[in-house]
Amino acid sequence: MKFRCERDELLEAVQFGSRAISNRATLPVLSGLRIEAKESGEVIVAATDLELTMQTALRGAVDEPGRLIVPGRLFGEMIRSLGAGTVSLAAAEGEVEIGSGRGQFRVKTLAAEDYPALPVDDARGEGIEVEIDASALAVALAQVVRAASVDESRQVLTGVLWEIEAGSVTLAATDSYRLAVRSLPVSGGPPERRKVVLPARALGELARALATEGATVKALLSEHLMSFSINRPEGGAESVIGSRFIEGEFPNYRQLIPDGYQNVLTVGREALLEVTKRVGLLAQNNLPVKLRLDPELEVSAHTPDVGEGQEVLDAEYFGDPFVIAFNPGFLNDGVSAIQSDRVALKAGDGLKAAVLQGEDDETFTYLLMPVRLS
């Protein structure tokens, strides 16, 4: 293998692919990055930990096509340390020669024959294709992934449920204390609803990749894998992120969401965020912030030996006055995820789960369990 390319383009590709390399790799070769140069001039950079796969491409001047496996972390640091301009890579016996300006470096390679086939390659062309608006999906992931659990003892809750059917997809995540649900339209989909759970880690990487303005995304749902092909604008290279499913039964979240609420408070989103952050500074040692729902909204917190605070917000309220308390971090997560200028807080009483939604927007629902007051 032998090719030349721009250092900045190679670095961007290496950084993208390296995010699939896990520190807990079961095979030593999985600490590597696969680089393949093709006769067409396309250079493909990829990595996998067998659960998450990330692959992207760049243009290069390919003299000799071929494939090799380089140590991911060391290679990335090497490319980052090089100066701007043209970089050359050439495979030698058990190593790769890197040329940049007047510098020449040699890095030992890993055994290419030990590197497994990329799961996205095995699944290519097989499955159900779904087209999703990239910007809408990026927003949906940002809203939902935050509610996934980090507790590995219930692995299925560390993922996000995808309910996919013709014309729509619904994403849901919960850590047992809160639940985030978002629906969005798609093109295509299976004739019957299909449910899969994807790891939050993989979806976080997908959201990061979708940040490029003007990108488009197609999802391919196969038997054990879901892959996302991201095309960047202005002829940019295609990137692929693939993730295996998490096995297990995701909770029936729909039965957790009440049909209706008798108490509804509507308040400005930014104002509520600012007040709960300020007052929340005095909710320490896992103590909650209290919300008194009335024609005005009073937010308060008290931590013995630390201090207390309260602040009042103008609001619209329909219902009976009562007090409900929440974990301040979870409450701010829900409010900040809402896209509308005004937030609707819907609650039955101080003991039952409450719901946050944007005013006149029911595509996103954030259900939050209250903290029981002594």
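What counts as what
- Residues numbered from 1 in each chain as written.
- Predicted model: local features only at pLDDT ≥ 70, side-chain atom pairs only at ≥ 80, totals over all residues.
- Heavy atoms only, no water.
- Salt bridge = Lys/Arg side-chain N within 4 Å of Asp/Glu carboxyl O.
- Buried < 20%, exposed > 50% of the residue type's maximum accessible area, 1.4 Å probe, protein only.
- Axes fitted to C-alpha atoms, helices over the stretch in contact; angles between N-to-C directions.
- Helix = DSSP H or I, 4+ residues; strand = E, 2+ residues; numbered from the N terminus.
- Parallel < 35°, antiparallel > 145°, perpendicular 65-115°, else oblique.
- Left-handed = near helix turned anticlockwise from the far one by under 90°.
- Contact = heavy atoms within 4.5 Å.
- Nonpolar A, V, L, I, M, F, W, Y, C, P; charged D, E, K, R; others polar.
- Arc of directions from axis to C-beta.
- Core = buried A, V, L, I, M, F, W, Y, C linked by side-chain atoms within 4.5 Å.

Student: Can you explain the pattern of salt bridges? Please cite residues and give values.
Tutor: On inspection of all chains with the given rule, the structure shows 18 salt bridges. For aspartate 8, the salt bridge identified is with arginine 7, shortest N-O distance 2.8 Å. Ionic pairing is found between aspartate 175 and arginine 178, a salt bridge with its closest N-O pair at 3.1 Å. Per residue, the accessibility class of aspartate 175 equals that of arginine 178, and both read buried.

Student: Tell me what's going on with the packing of helix α1 (residues 7-18) against helix α2 (residues 72-81), and back it up with residues and numbers.
Tutor: For the pair α1 and α2, interaxial distance at closest approach is 9 Å and the crossing angle is 155 degrees. As judged from the angle between their axes, α1 and α2 are roughly antiparallel. By crossing handedness, the relation of α1 to α2 is classed as left-handed. On α2, the residues that touch Arg7, Leu10, Leu11, Val14, Gln15 and Ser18 of α1 are Gly72, Phe75, Gly76, Ile79, Arg80 and Ser81. Considered class by class, the residues forming the contact of α1 with α2 number five nonpolar, five polar and two charged.

Student: Describe α2, listing the residues and the values that go with them.
Tutor: Residues Gly72, Phe75, Gly76, Met78 and Ile79 constitute the buried set of α2. One side of α2 carries all its buried residues, which in axial view fall inside an arc of 160 degrees. Turned more than 90 degrees off the buried face of α2, the exposed positions are Arg73 and Ser81. Each element contacted by the buried residues of α2 is listed here: α1, β2 (32-37), β6 (66-71), β7 (86-92), β8 (95-100) and β9 (103-108).

Student: Describe the environment of threonine 56, naming the residues involved and giving the relevant values.
Tutor: Take threonine 56: it is sitting in strand β4 (residues 52-59). Separated by 127 residues in sequence, threonine 56 and serine 183 place their C-alpha atoms 28 Å apart. If near-sequence neighbours (up to four positions away) are discounted, threonine 56 is found in contact with Ala13, Phe16, Val43, Ile44, Val45, Glu238 and Ser239.

Student: Please set out the nonpolar core residue by residue, giving values where relevant.
Tutor: Of all hydrophobic cores here, the largest spans 106 residues; its most connected members are Ile35, Trp162, Met226 and Leu291. Looking at this core, the element that brings in the most residues is helix α4 (residues 134-144), giving six residues. Those residues in contact with leucine 291 that sit more than four places away from it in its chain are Leu297, Glu298, Val299, Phe322, Val323, Ile324, Phe326, Leu331 and Leu345. Core analysis: the second largest hydrophobic core is formed by 14 residues, Ala172, Phe250, Tyr261 and Leu367 among them.

Student: An account of the packing of helix α6 (residues 269-280) against helix α7 (residues 328-337) is requested, with residue identities and associated values reported.
Tutor: Contact pair α6 / α7: the axes reach a minimum separation of 10 Å and the direction vectors enclose 160 degrees. Considering their axes alone, α6 and α7 lie roughly antiparallel with respect to each other. The two elements α6 and α7 cross, and the hand of that crossing is left-handed. Where α6 approaches α7, its residues Arg269, Leu272, Leu273, Thr276 and Lys277 are matched on the opposing element by Leu331, Asn332, Val335 and Ser336. Counted by class, the contact of α6 with α7 contains four nonpolar, three polar and two charged residues.

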